[in-house]
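# Per-entry structural report
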Amino acid sequence: MMLRNAAGRRAVATAATAVSLALALTACSGTTKDSEDTGSAKVAGSAKADPDAPLKKGLKIAFLPKQINNPYEKIVDEAGIAAAKEYGGTGKEVGPSDANASSQVSYINTLIQQRQDAILVAANDPNAVCGPLKQAMKKDIKVVAYDSDTAKDCRQLFINQASSEEIGRSLVQHLGEQLGYKGKVAILSATQNATNQNTWIEFMRKELELPRYQDMELVKVAYGDDADQKSFQQTQGLMQAYPDLKGIISPTTVGIAAAARYLSDSSYKGKVVLNGLGTPNQMRKYVKDGTVEQFSLWNPEELGYLGSYAAAALASGQITGAEGEKFEAGKLGEYTIGKDGEVILGEPTVFDAENIDQFNF
């Protein structure tokens, strides 16, 4: 189900913020693409765009999520793979079972050997993947970051789910309203190096500095590494260390679901406010049993769909990743590239008991 209409998405995309954000496969033999050594994305992006060029048929794109068993990223990647069929291409998902900083490197090297036309990566670390991604771009393989950004010179585009500042600040705003702007709070994040998580947390801290939050105290940032059991244990540890904790923000779909599972079976249910980013299907039972009042997210299917079309536009020469360029993203309509190659999907949606049954993802 679409969360916003195409016109709304176009308006948000055109107003893209300057904030830039921010996943072992048997190696297949094959020759690499012949390409001049460009050295960086900026040089590669200096080629002239042809907005009237048709999307090439037979494009091969690969999604590399933070970890292969992450249910949120499975939704994103499957939607992107389905989009590739629309424009006559083929897509696949490969990736590690863990979210360690360097776990994606071997997969990138293999995708280069397989002569993919584009690699879409949700980076576990902004810098650890840069070496092989730069090698990919030197061989004329287009690189698109999505969900969690790489360093800017390691890709041509970053498909951002929403404004990083809006995500970070709004989560604190929602929690503050729920708590009456009083009490100790904690953050349950994914990995310590995740670009998107750290950027959102930075804006959470800035929001908490405002006078209205003077009676709220951030006591801890915990890391569950986007692993269900570790996130569950980290929630348990937070409550043991801070029995008077009033609220938790978990800006990760794995983390918020694990935290909700712990709270729903504990004496803290109804006493500790949990907010963050989750999918309706994960969180529905916790909203209905009163563990969680509200949470937020964008449509992950639209994120994967947009990323797929952006990669195809790059690989077809319609765009180079320069600010101000426009491209059509199928049924989502036209998008405009912002500063530093950022393309914003749109505004996040707040889910609660009144609307959660309207969504199925």
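So, a few notes on the structure that sits alongside this text. (Residues numbered from 1 in each chain as written. Predicted model: local features only at pLDDT ≥ 70, side-chain atom pairs only at ≥ 80, totals over all residues. Heavy atoms only, no water.)

## Re the state of the cysteines
Applying the stated criterion to the full structure yields 1 disulfide. The residue that forms a disulfide with cysteine 130 is cysteine 154, at a sulfur-sulfur distance of 1.9 Å. Across the S-S bond of cysteine 130 and cysteine 154 the torsion is about 100°, and the bridge reads as right-handed. With cysteine 130 in helix α5 (residues 130-138) and cysteine 154 in the loop between β4 (142-146) and β5 (157-160), the pair connects residues that are 24 residues apart, well separated along the chain. Among the residues examined, cysteine 130 registers a relative accessible area of 9% and is labelled buried. (Disulfide = S-S within 2.5 Å. Helix = DSSP H or I, 4+ residues; strand = E, 2+ residues; numbered from the N terminus. Buried < 20%, exposed > 50% of the residue type's maximum accessible area, 1.4 Å probe, protein only.)

## Regarding unusual backbone geometry
Not every positive phi belongs to a glycine, and aspartate 140 is a case in point at roughly 65°. For aspartate 140, a relative accessible area of 39% puts it in the partly exposed group. Although it is not a glycine, aspartate 226 adopts a positive phi angle of roughly 55°. Inspection of the secondary structure assignment puts aspartate 226 in the loop between β7 (216-223) and α8 (228-241). A relative accessible area of 8% places aspartate 226 in the buried class.

## A closer look at helix α10 (residues 280-288)
The complete set of buried residues in α10 reads Pro280, Met283, Arg284, Tyr286 and Val287. Check the buried side of α10 and you find it contacts α9 (253-264), β10 (294-297) and β14 (349-352). Glycine 290, located one to two residues past α10, shows a positive phi value of around 90°. (Contact = heavy atoms within 4.5 Å.)

## As for the sheet that holds strand β13 (residues 342-344)
The parallel open sheet is built from 6 strands, whose spatial order is β2-β1-β3-β4-β5-β13. Looking at the sheet topology across the chains shown, the edges are occupied by β2 (90-93) and β13. Neighbouring strand axes in the sheet, compared pairwise and without regard to direction, differ in orientation by 20° on average. Across 4 bridges, the pairing between strand β3 (residues 118-121) and β4 is parallel. The partner of valine 121 across the bridge, within β4, is alanine 145. Relative to β2, helix α3 (residues 71-86) is tilted by about 165°, and along the sheet it contacts β1 (60-64), β2 and β4. Seen against the sheet, helix α11 (residues 300-315) touches β1, β3, β4, β5 and β13 and runs at an angle of roughly 165° to β5. (Pairing = 2+ DSSP bridges. Axes fitted to C-alpha atoms, helices over the stretch in contact; angles between N-to-C directions.)

## A closer look at the packing of aromatic side chains
Applying the stated criterion across every chain, the model contains 11 aromatic pairs. Seen from their ring centres, phenylalanine 327 and tyrosine 335 are 6.4 Å apart, and the 25° between their planes marks the pair as stacked. Under the relative-accessibility criterion, phenylalanine 327 is labelled buried at 3%. For tyrosine 335, a relative accessible area of 0% translates into the label buried. Site record: aromatic cluster; members linked through ring pairs are Phe295, Phe351, Phe359 and Phe361. (Phe/Tyr/Trp six-rings, centres within 6.5 Å; stacked < 30°, edge-to-face > 60°.)

## A word on the pattern of salt bridges
With the rule as written, the count across this model stands at 13 salt bridges. Here lysine 134 ties to aspartate 153 by a salt bridge, and the two come within 3.2 Å at their closest N and O atoms. Of this pair, lysine 134 sits in helix α5 while aspartate 153 sits in the loop between β4 and β5; the two residues are 19 residues apart in sequence, bridging distant segments of the chain. A salt bridge links lysine 142 to aspartate 140, with the shortest nitrogen-to-oxygen separation between them at 3.1 Å. Salt bridges sharing partners connect three or more residues here, namely Glu165, Arg169 and Glu207. (Salt bridge = Lys/Arg side-chain N within 4 Å of Asp/Glu carboxyl O.)

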